Amino acid sequence: MQIRPFSIAFIVRDPLPPLRADLATLFGAEMPRYGVHTELVGQGATEGAPWPAGGMHVVGNLRHRFASLLAPLWDALGLLRAWRRVRPDCIQVRDKVASALLALLAARLLHLPFIYWMSFPIVEGYEARRDSLAGQGRWPAWLGHAVRAWVSRRIAYRLVLPAADHVFVQSEAMRDWLAGIGVKPERMTPVPMGVDATRFERGAIVPSRDPRLAGRRVVLYLGRVAQARRSDFLLDVASLLHARMPEVLLVIVGEAPSRDEMAWMRRAIAARGLGRHVLLTGWLPQAAALGFAVRAEVGLSPIPRGVLFDVSSPTKLVEYLALGIPGVANDIPDQARVLAQSGAGLCVPMQAEAFAHATLRLLREPELAARCAERGPPWVAAHRTYDILARDVARAYHRILAPCGPGR
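Residues numbered from 1 in each chain as written. Predicted model: local features only at pLDDT ≥ 70, side-chain atom pairs only at ≥ 80, totals over all residues. Heavy atoms only, no water.

What follows is about the pairing of strand E1 (residues 6-11). Most of E1 sits inside the fold, with six of its six residues counted as buried. Of the two faces of E1, the one carrying Phe 6, Ile 8 and Phe 10 and the one carrying Ser 7, Ala 9 and Ile 11 are both buried. Where E1 meets strand E2 (residues 36-42), six bridges bridge the pair, whose relative direction is parallel. When the sheet's bridge partners are listed, Phe 6 is paired in E2 with Val 36. Note: E1 against strand E4 (residues 90-94), four bridges, orientation parallel. Bridge assignment links Ala 9 to a residue of E4, and that residue is Ile 91. (Buried < 20%, exposed > 50% of the residue type's maximum accessible area, 1.4 Å probe, protein only. Helix = DSSP H or I, 4+ residues; strand = E, 2+ residues; numbered from the N terminus. Pairing = 2+ DSSP bridges.)

What follows covers the side chain of Ser 208. Structurally, the position occupied by Ser 208 is in the loop between strand E7 (188-190) and strand E8 (217-222). At a separation of 3.2 Å, a polar atom in the side chain of Ser 208 contacts the main-chain amide nitrogen of Asp 210. Ser 208 has contacts with Leu 213, Gly 291, Phe 292 and Arg 295, leaving out every residue within four places of it along the chain. (Polar contact = N/O pair within 3.5 Å; in protein donor to acceptor, adjacent residues only side chain to side chain. Contact = heavy atoms within 4.5 Å.)

So, about the pattern of salt bridges. For the coordinates displayed, the defined rule picks out 25 salt bridges. Glu 127 serves as the salt-bridge partner of Arg 153, at 2.8 Å between the closest nitrogen and oxygen. Note that Arg 153 is positioned in helix H6 (residues 139-163) and Glu 127 in helix H5 (residues 122-134), a separation of 26 residues in sequence. Between Asp 334 and Arg 384 there is a salt bridge, with the nearest N and O atoms lying 2.9 Å from each other. Placement of the pair is Asp 334 in helix H13 (residues 333-342) and Arg 384 in the loop between helix H15 (366-383) and helix H16 (386-400), with a sequence separation of 50 residues. A relative accessible area of 4% places Asp 334 in the buried class. (Salt bridge = Lys/Arg side-chain N within 4 Å of Asp/Glu carboxyl O.)

A few words on the packing of helix H8 (residues 233-244) against helix H14 (residues 352-364). For any two helices packed against each other, one specifies the crossing angle of their axes together with the interaxial distance. At a minimum axis distance of 9 Å, the contact between H8 and H14 shows a crossing angle of 50°. For the element pair H8 / H14, the angle class is oblique. In the packing of H8 onto H14, the handedness of the crossing is right-handed. Of H14, the residues touching H8 (which contributes Phe 233, Asp 236, Val 237, Leu 240, Leu 241 and Arg 244) are Ala 352, Glu 353, Phe 355, Ala 356, Thr 359, Leu 360 and Arg 364. (Axes fitted to C-alpha atoms, helices over the stretch in contact; angles between N-to-C directions. Parallel < 35°, antiparallel > 145°, perpendicular 65-115°, else oblique. Left-handed = near helix turned anticlockwise from the far one by under 90°.)

Next up on the list: the sheet that holds strand E5 (residues 114-118). Spatially, E3-E2-E1-E4-E5-E6-E7 is the arrangement adopted by the seven strands of the open sheet, whose pairing is parallel. What marks the edges here is a single partner per strand, and that holds for strand E3 (54-58) and E7. Each strand axis lies, on average, 20° off the axis of its neighbour in the sheet, ignoring direction.

Below, the discussion takes up the side chain of Thr 38. Along the chain, Thr 38 falls in strand E2. Note on Thr 38: relative accessible area 0%, which makes it buried. With residues near it in sequence (within four places) discarded, Thr 38 still touches Ile 8, Phe 10, Phe 27, Trp 51, Ala 53, Gly 54 and Gly 55.

To continue, consider the nonpolar core. In terms of nonpolar packing, the biggest core is built from 69 residues, with Ile 252 and Leu 300 touching the most fellow members. Broken down by element, the residue count for this core peaks at eight residues, all from H14. Contacts of Leu 300, omitting those with residues within four sequence positions, involve Val 219, Leu 220, Tyr 221, Leu 234, Val 237, Leu 250, Lys 316, Tyr 320, Val 328, Phe 355 and Thr 359. Within the second largest apolar cluster, 34 residues are counted, among which are Ala 9, Leu 104, Met 118 and Val 311. (Core = buried A, V, L, I, M, F, W, Y, C linked by side-chain atoms within 4.5 Å.)

Next up on the list: the environment of His 57. In this structure, His 57 sits in strand E3. Separated by 208 residues in sequence, His 57 and Met 265 have C-alpha atoms that sit 37 Å apart. A distance of 2.7 Å separates polar atoms of two side chains, one belonging to His 57 and the other to Glu 39.

If you walk across this open sheet you meet the six strands as E10-E9-E8-E11-E12-E13, and the pairing is parallel. Each having just a single partner strand, strand E10 (278-280) and strand E13 (345-348) make up the two edges of the open sheet. Across the sheet, the mean angle from the axis of one strand to that of its neighbour is 20°, orientation sign disregarded. As defined by bridge partners, strand E11 (residues 298-301) adjoins strand E12 (residues 327-330) across three bridges and the pair is classed as parallel. Opposite Ser 301, over in E12, you have Ala 329 as the bridge partner. The strands touched by helix H10 (residues 286-293) within the sheet are E8, strand E9 (248-253) and E10, with E9 carrying the most contacts at an inclination of about 160°.

Here is the structure:
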């Protein structure tokens, strides 16, 4: 690929400095190799933090009481700071609505392409939050979220997305869904979640020596714990596994978004009498989390069906496969495609009996488990590492930002 350097003013929803690999690795490490540099704009706690791919402009803090109202103004100020440092070739916004509208107006005034990066259907997320409050009697909070969801839907789907010069989406399912509501498919590029190959080299990971794993058949869940994700489903599976293979230990490596939800999960474990059969670690540094992972024989990835998650691209399944861990996942489109193409696990409906049966198959059939384990790493290396994904993303940018590209 012929490299011509570009600079992107990039407004993000994630706290800065970024921790997610699809920001920190994809944009921080990989994209500069293709001449694509970024000026990150957003909220966080570390003003002036180093950003290897360009500059970082932290304005405001997500913990502020009125952060949701002030964020568009903070982002506008950050965009101005980014403009003063480097004149960008485009303006890009990730998973924000009001800020996206302001950025779209700025891009049009400055005759720059405007790009939207959708890693999550944020409008539907607002609507889910509104609906969750409906039965709690918290009517002022419900009204606020209802208004936010109503306004956001009209801004996002009537103004921002139709006017964007390009839209990066999380999955092929998300592209098909947006095409169904009027966004042109030729203006969308799917960018699924991947892994940093340097961090998921199994031979370089030190296995956990936690004594609670001794003599157990370890089954792993690596990811967030949340009621919205129906994380107690894992406990239904664990109950069935314990009844049929008592030596199984389900290790849940992950944290909840709040202390209340973490307490809810611990209560659910105790209520089912699974204290000796489920290990909930909470948050761990990545090295420690991967140490638990490589002790596992099977990795679980149950993702609830519905508009919020059907268009997602879960990282955990790809991480299992990269580590040579056979996966059991349910049939959201991206997971079904990964398992069909790789042959590195079993795809079943999100039903406790189906998950337990598939997990027991892998535990009881070593030849099947070995075939799955062997297929995972080469498939991930060929399709889902960020150096591979970066090549496709860079091609899209060089097409969009070429002198004769959209908005030029």
